[in-house]
Amino acid sequence: MNTAGEGRQHLDTISVLTAKRTLLQLLARAGVHSADAEELIGLVEAGVLAVAHREIAGVAESPAGTPPAGTPGPEGEGDGSGPYGGDRRGADESGPYAAGRRDGARAVADALGALADRALREAVGAGDADGPADEAWPPVGRMELERAKVAVLPHYLTFTELSDLDPEVSEQVLTAVLGTMGPRQRAAYAGRLAGYVEDHRAELERLFAAYGPGSPIAIHGRYSLLHSPASVAVMERLATAPAALREEWDAAELPPAWLDGLTTAGAPGARG
(Lines give C-alpha, C1' and ligand atoms only; values in the text may rest on other atoms or scores of the structure.)
Protein backbone atom coordinates (compact mmCIF):
# COMPACT_ATOMS: atom_id res chain seq x y z
CA MET A 1 0.00 0.00 0.00
CA ASN A 2 1.35 3.39 -1.00
CA THR A 3 0.97 5.97 1.75
CA ALA A 4 3.05 8.71 0.14
CA GLY A 5 0.02 10.79 -0.72
CA GLU A 6 -1.75 10.55 2.62
CA GLY A 7 -0.21 13.73 4.05
CA ARG A 8 -0.43 14.54 7.71
CA GLN A 9 -2.42 12.32 10.02
CA HIS A 10 -4.06 13.64 13.21
CA LEU A 11 -5.79 11.50 15.80
CA ASP A 12 -9.44 12.29 16.32
CA THR A 13 -11.00 12.63 19.77
CA ILE A 14 -12.60 9.17 19.75
CA SER A 15 -9.29 7.48 18.87
CA VAL A 16 -7.46 9.35 21.63
CA LEU A 17 -10.09 8.45 24.22
CA THR A 18 -10.03 4.82 23.09
CA ALA A 19 -6.26 4.68 23.59
CA LYS A 20 -6.65 6.27 27.01
CA ARG A 21 -9.37 3.82 28.07
CA THR A 22 -7.21 0.93 26.87
CA LEU A 23 -4.31 2.13 28.98
CA LEU A 24 -6.54 2.59 32.02
CA GLN A 25 -7.87 -0.96 31.66
CA LEU A 26 -4.37 -2.40 31.32
CA LEU A 27 -3.19 -0.50 34.41
CA ALA A 28 -6.25 -1.70 36.33
CA ARG A 29 -5.37 -5.30 35.49
CA ALA A 30 -1.89 -4.61 36.87
CA GLY A 31 -3.43 -3.44 40.15
CA VAL A 32 -3.10 0.33 39.66
CA HIS A 33 -6.06 2.20 41.15
CA SER A 34 -8.08 4.13 38.58
CA ALA A 35 -7.55 7.47 40.33
CA ASP A 36 -3.78 6.91 40.40
CA ALA A 37 -3.78 5.93 36.73
CA GLU A 38 -5.84 8.99 35.80
CA GLU A 39 -3.36 11.20 37.64
CA LEU A 40 -0.36 9.74 35.82
CA ILE A 41 -2.04 9.98 32.42
CA GLY A 42 -3.11 13.53 33.22
CA LEU A 43 0.49 14.49 33.96
CA VAL A 44 1.62 13.02 30.65
CA GLU A 45 -1.09 14.98 28.84
CA ALA A 46 -0.09 18.19 30.61
CA GLY A 47 3.54 17.50 29.77
CA VAL A 48 2.81 17.07 26.07
CA LEU A 49 1.05 20.43 26.03
CA ALA A 50 3.94 22.04 27.93
CA VAL A 51 6.48 20.71 25.41
CA ALA A 52 4.35 21.97 22.52
CA HIS A 53 4.10 25.35 24.25
CA ARG A 54 7.87 25.63 24.56
CA GLU A 55 8.42 24.68 20.92
CA ILE A 56 5.87 27.18 19.60
CA ALA A 57 7.21 29.86 21.94
CA GLY A 58 10.66 29.21 20.47
CA VAL A 59 9.27 29.78 16.98
CA ALA A 60 7.65 33.02 18.11
CA GLU A 61 10.97 34.31 19.42
CA SER A 62 12.94 33.29 16.31
CA PRO A 63 13.57 35.93 13.60
CA ALA A 64 10.18 37.11 12.37
CA GLY A 65 8.52 34.10 13.96
CA THR A 66 9.73 31.71 11.26
CA PRO A 67 9.85 27.99 12.06
CA PRO A 68 13.17 26.22 12.51
CA ALA A 69 14.97 24.77 9.51
CA GLY A 70 13.37 21.61 8.21
CA THR A 71 9.83 22.44 9.39
CA PRO A 72 7.36 21.33 6.67
CA GLY A 73 5.13 23.89 5.06
CA PRO A 74 1.38 23.85 5.66
CA GLU A 75 0.89 21.87 2.44
CA GLY A 76 2.80 18.68 1.74
CA GLU A 77 5.37 16.84 3.77
CA GLY A 78 8.64 17.98 2.26
CA ASP A 79 7.47 17.02 -1.24
CA GLY A 80 7.85 20.48 -2.71
CA SER A 81 4.13 21.24 -2.66
CA GLY A 82 4.25 23.73 0.21
CA PRO A 83 4.60 27.48 -0.32
CA TYR A 84 8.35 27.18 0.34
CA GLY A 85 8.91 23.87 -1.42
CA GLY A 86 7.74 21.90 1.65
CA ASP A 87 10.50 23.44 3.79
CA ARG A 88 10.05 26.70 5.67
CA ARG A 89 13.71 27.64 5.34
CA GLY A 90 12.73 29.58 2.26
CA ALA A 91 10.43 31.93 4.21
CA ASP A 92 11.10 35.64 3.98
CA GLU A 93 12.15 36.63 7.48
CA SER A 94 11.60 40.34 6.87
CA GLY A 95 8.72 40.43 4.40
CA PRO A 96 5.36 42.16 4.82
CA TYR A 97 3.86 39.14 6.65
CA ALA A 98 6.74 38.60 9.09
CA ALA A 99 5.14 40.47 12.00
CA GLY A 100 1.86 38.64 11.47
CA ARG A 101 3.59 35.26 11.56
CA ARG A 102 5.34 36.21 14.79
CA ASP A 103 2.16 37.49 16.42
CA GLY A 104 0.30 34.38 15.34
CA ALA A 105 2.95 32.11 16.81
CA ARG A 106 2.83 34.03 20.09
CA ALA A 107 -0.95 33.78 20.25
CA VAL A 108 -0.78 30.01 19.71
CA ALA A 109 2.00 29.71 22.32
CA ASP A 110 -0.04 31.66 24.86
CA ALA A 111 -3.08 29.46 24.25
CA LEU A 112 -1.03 26.27 24.58
CA GLY A 113 0.56 27.59 27.78
CA ALA A 114 -2.86 28.20 29.29
CA LEU A 115 -4.04 24.73 28.27
CA ALA A 116 -0.92 23.13 29.74
CA ASP A 117 -1.39 24.96 33.03
CA ARG A 118 -5.07 23.97 33.22
CA ALA A 119 -4.25 20.34 32.40
CA LEU A 120 -1.64 20.26 35.16
CA ARG A 121 -4.02 21.72 37.73
CA GLU A 122 -6.66 19.16 36.78
CA ALA A 123 -4.16 16.29 36.93
CA VAL A 124 -2.94 17.09 40.42
CA GLY A 125 -6.18 18.53 41.77
CA ALA A 126 -4.64 21.93 42.50
CA GLY A 127 -6.44 25.25 42.45
CA ASP A 128 -5.20 28.46 40.87
CA ALA A 129 -2.60 28.94 43.61
CA ASP A 130 0.14 26.51 44.57
CA GLY A 131 0.92 27.75 48.02
CA PRO A 132 -0.70 27.50 51.43
CA ALA A 133 -2.99 30.44 52.01
CA ASP A 134 -6.12 29.76 54.04
CA GLU A 135 -5.68 26.02 53.65
CA ALA A 136 -2.65 23.79 54.09
CA TRP A 137 -1.26 21.81 51.20
CA PRO A 138 -2.89 18.41 50.77
CA PRO A 139 -1.11 15.37 52.22
CA VAL A 140 1.44 13.66 50.01
CA GLY A 141 -0.33 11.13 47.80
CA ARG A 142 0.78 7.64 46.90
CA MET A 143 1.52 8.50 43.26
CA GLU A 144 3.45 11.59 44.29
CA LEU A 145 5.62 9.42 46.52
CA GLU A 146 6.08 6.79 43.81
CA ARG A 147 7.13 9.44 41.27
CA ALA A 148 9.63 10.85 43.75
CA LYS A 149 11.13 7.40 44.31
CA VAL A 150 11.48 6.92 40.56
CA ALA A 151 13.11 10.36 40.27
CA VAL A 152 15.74 10.01 42.99
CA LEU A 153 17.02 6.48 42.39
CA PRO A 154 18.81 7.01 39.03
CA HIS A 155 20.61 10.08 40.40
CA TYR A 156 21.67 8.23 43.53
CA LEU A 157 23.02 5.29 41.53
CA THR A 158 25.24 7.59 39.46
CA PHE A 159 27.15 8.39 42.66
CA THR A 160 27.07 5.18 44.69
CA GLU A 161 25.36 1.82 45.15
CA LEU A 162 22.36 0.65 47.13
CA SER A 163 23.02 -0.17 50.77
CA ASP A 164 21.24 -2.22 53.41
CA LEU A 165 19.40 0.75 54.88
CA ASP A 166 15.70 0.03 55.40
CA PRO A 167 13.79 1.16 52.24
CA GLU A 168 11.00 2.44 54.48
CA VAL A 169 13.38 5.18 55.58
CA SER A 170 13.44 6.55 52.05
CA GLU A 171 9.65 6.71 51.92
CA GLN A 172 9.41 8.57 55.24
CA VAL A 173 12.11 11.01 54.18
CA LEU A 174 10.62 11.62 50.72
CA THR A 175 7.22 12.27 52.28
CA ALA A 176 8.81 15.02 54.37
CA VAL A 177 10.59 16.40 51.30
CA LEU A 178 7.37 16.52 49.25
CA GLY A 179 5.55 18.13 52.17
CA THR A 180 7.57 21.30 51.54
CA MET A 181 5.84 21.74 48.16
CA GLY A 182 2.41 22.28 46.71
CA PRO A 183 0.83 19.82 44.24
CA ARG A 184 2.11 21.48 41.07
CA GLN A 185 5.61 21.79 42.49
CA ARG A 186 5.55 18.11 43.40
CA ALA A 187 4.51 17.25 39.86
CA ALA A 188 7.54 19.11 38.48
CA TYR A 189 10.00 18.06 41.17
CA ALA A 190 11.87 15.52 39.03
CA GLY A 191 13.03 18.33 36.75
CA ARG A 192 14.08 20.54 39.65
CA LEU A 193 16.00 17.67 41.21
CA ALA A 194 17.79 16.91 37.93
CA GLY A 195 18.89 20.55 37.72
CA TYR A 196 20.28 20.47 41.24
CA VAL A 197 22.24 17.28 40.56
CA GLU A 198 23.68 18.65 37.34
CA ASP A 199 24.74 21.91 39.01
CA HIS A 200 26.47 20.13 41.90
CA ARG A 201 27.63 16.87 40.35
CA ALA A 202 31.31 17.14 41.32
CA GLU A 203 30.50 18.05 44.93
CA LEU A 204 28.00 15.21 45.23
CA GLU A 205 30.52 12.72 43.86
CA ARG A 206 33.05 13.71 46.52
CA LEU A 207 30.45 13.64 49.29
CA PHE A 208 29.14 10.15 48.51
CA ALA A 209 32.67 8.82 48.05
CA ALA A 210 33.61 10.07 51.51
CA TYR A 211 30.44 9.22 53.46
CA GLY A 212 28.19 6.94 51.36
CA PRO A 213 28.03 3.18 50.78
CA GLY A 214 31.48 1.69 50.36
CA SER A 215 33.14 4.40 52.43
CA PRO A 216 34.67 3.80 55.87
CA ILE A 217 31.69 5.57 57.47
CA ALA A 218 29.25 3.25 59.24
CA ILE A 219 25.73 2.91 57.88
CA HIS A 220 24.17 3.79 61.25
CA GLY A 221 24.89 7.22 62.66
CA ARG A 222 24.65 10.87 61.71
CA TYR A 223 25.55 10.06 58.07
CA SER A 224 22.97 7.30 57.69
CA LEU A 225 20.89 9.27 55.22
CA LEU A 226 23.67 9.11 52.63
CA HIS A 227 22.86 5.40 52.42
CA SER A 228 19.37 6.26 51.16
CA PRO A 229 18.44 7.39 47.62
CA ALA A 230 16.27 10.05 49.28
CA SER A 231 19.43 11.85 50.43
CA VAL A 232 19.75 13.56 47.04
CA ALA A 233 16.28 15.10 47.43
CA VAL A 234 16.97 16.13 51.03
CA MET A 235 20.13 17.98 49.98
CA GLU A 236 18.20 19.78 47.24
CA ARG A 237 15.64 20.92 49.83
CA LEU A 238 18.40 22.02 52.23
CA ALA A 239 19.62 24.27 49.44
CA THR A 240 16.17 25.48 48.37
CA ALA A 241 13.75 25.41 51.33
CA PRO A 242 15.68 24.57 54.52
CA ALA A 243 13.17 26.06 56.98
CA ALA A 244 10.21 24.25 55.41
CA LEU A 245 12.17 21.00 55.34
CA ARG A 246 13.07 21.23 59.02
CA GLU A 247 9.43 21.89 59.88
CA GLU A 248 8.28 18.80 57.96
CA TRP A 249 11.21 16.84 59.40
CA ASP A 250 10.19 17.63 62.96
CA ALA A 251 6.54 16.88 62.24
CA ALA A 252 7.51 13.45 60.90
CA GLU A 253 9.73 12.87 63.97
CA LEU A 254 12.73 12.01 61.83
CA PRO A 255 16.17 12.08 63.49
CA PRO A 256 17.56 15.67 63.52
CA ALA A 257 21.06 14.18 63.43
CA TRP A 258 20.46 13.04 59.83
CA LEU A 259 20.02 16.62 58.63
CA ASP A 260 22.96 17.77 60.72
CA GLY A 261 25.05 14.98 59.22
CA LEU A 262 24.32 16.17 55.69
CA THR A 263 25.23 19.77 56.46
CA THR A 264 28.37 18.66 58.30
CA ALA A 265 29.37 16.48 55.35
CA GLY A 266 29.02 19.50 53.07
CA ALA A 267 25.71 19.07 51.29
CA PRO A 268 26.02 21.32 48.21
CA GLY A 269 24.21 24.63 48.60
CA ALA A 270 22.78 23.77 52.03
CA ARG A 271 21.36 26.74 53.94
CA GLY A 272 19.89 27.18 57.39
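Up top is the structure these notes are about.
None of these values were measured; they are calculated from a predicted model.

A. Summary view of the packing of helix α10 (residues 242–251) against helix α11 (residues 256–265). With their axes 10 Å apart at the nearest point, α10 and α11 run at an angle of 150° to one another. Classified by the angle their axes make, α10 and α11 are roughly antiparallel. Packed against α10, whose contacting residues are L245, R246 and W249, the element α11 presents P256, W258, L259, D260 and T263 at the interface. Residue classes in the contact of α10 with α11 are distributed as five nonpolar, one polar and two charged.

B. View of the packing of aromatic side chains. Under the criterion given, the structure shown has three aromatic pairs. Residues Y156 and F208 carry aromatic rings whose centres are separated by 5.5 Å and whose planes lie at 85° to one another, so their mutual orientation is edge-to-face. One end of the pair, Y156, is in helix α4 (residues 142–159); the other, F208, is in helix α8 (residues 201–211), and 52 residues separate them in sequence. Comparing Y156 with F208, the two get one shared label, buried. Where Y211 meets Y223, the ring centres are 4.6 Å apart and the plane angle is 35°; that geometry is what we call tilted. Of this pair, Y211 sits in helix α8 while Y223 is found in the loop between α8 and α9 (231–240), placing the two residues 12 residues apart along the sequence. A residue is classified by how much of its surface remains accessible, and Y223, at 15% relative accessible area, is buried. Counting every residue linked through ring pairs, the aromatic cluster contains Y156, F159 and F208.

C. Representation of the packing of helix α7 (residues 189–199) against α8 in the model. Relative orientation of the contacting elements α7 and α8 amounts to 80°, with a least axis distance of 5 Å. By the angle between their directions, the pair α7 and α8 is classed as roughly perpendicular. Every residue of α8 that contacts α7 at Y196, V197, E198 and D199 is listed here: R201, E203 and L204. Residue classes in the contact of α7 with α8 are distributed as three nonpolar, no polar and four charged.

D. Summary view of the layout of surface pockets. As a volume, the largest pocket reaches approximately 250 Å³. The wall of the largest pocket is formed by 13 residues, among which L153, L162, P167, S170 and P229 lie closest to the centre. Looking at side-chain class alone, the lining of the largest pocket contains six nonpolar, four polar and three charged residues.

Quick notes on the rules
Residues numbered from 1 in each chain as written. Predicted model: local features only at pLDDT ≥ 70, side-chain atom pairs only at ≥ 80, totals over all residues. Heavy atoms only, no water. Axes fitted to C-alpha atoms, helices over the stretch in contact; angles between N-to-C directions. Helix = DSSP H or I, 4+ residues; strand = E, 2+ residues; numbered from the N terminus. Parallel < 35°, antiparallel > 145°, perpendicular 65-115°, else oblique. Contact = heavy atoms within 4.5 Å. Nonpolar A, V, L, I, M, F, W, Y, C, P; charged D, E, K, R; others polar. Phe/Tyr/Trp six-rings, centres within 6.5 Å; stacked < 30°, edge-to-face > 60°. Buried < 20%, exposed > 50% of the residue type's maximum accessible area, 1.4 Å probe, protein only. 1 Å grid on protein atoms, 1.4 Å probe; cavity = no way out; pocket = protein on both sides within 12 Å on 5 of 7 lines; lining within 4 Å. Points joined across faces, edges and corners; volume = space filled by probe spheres on them.

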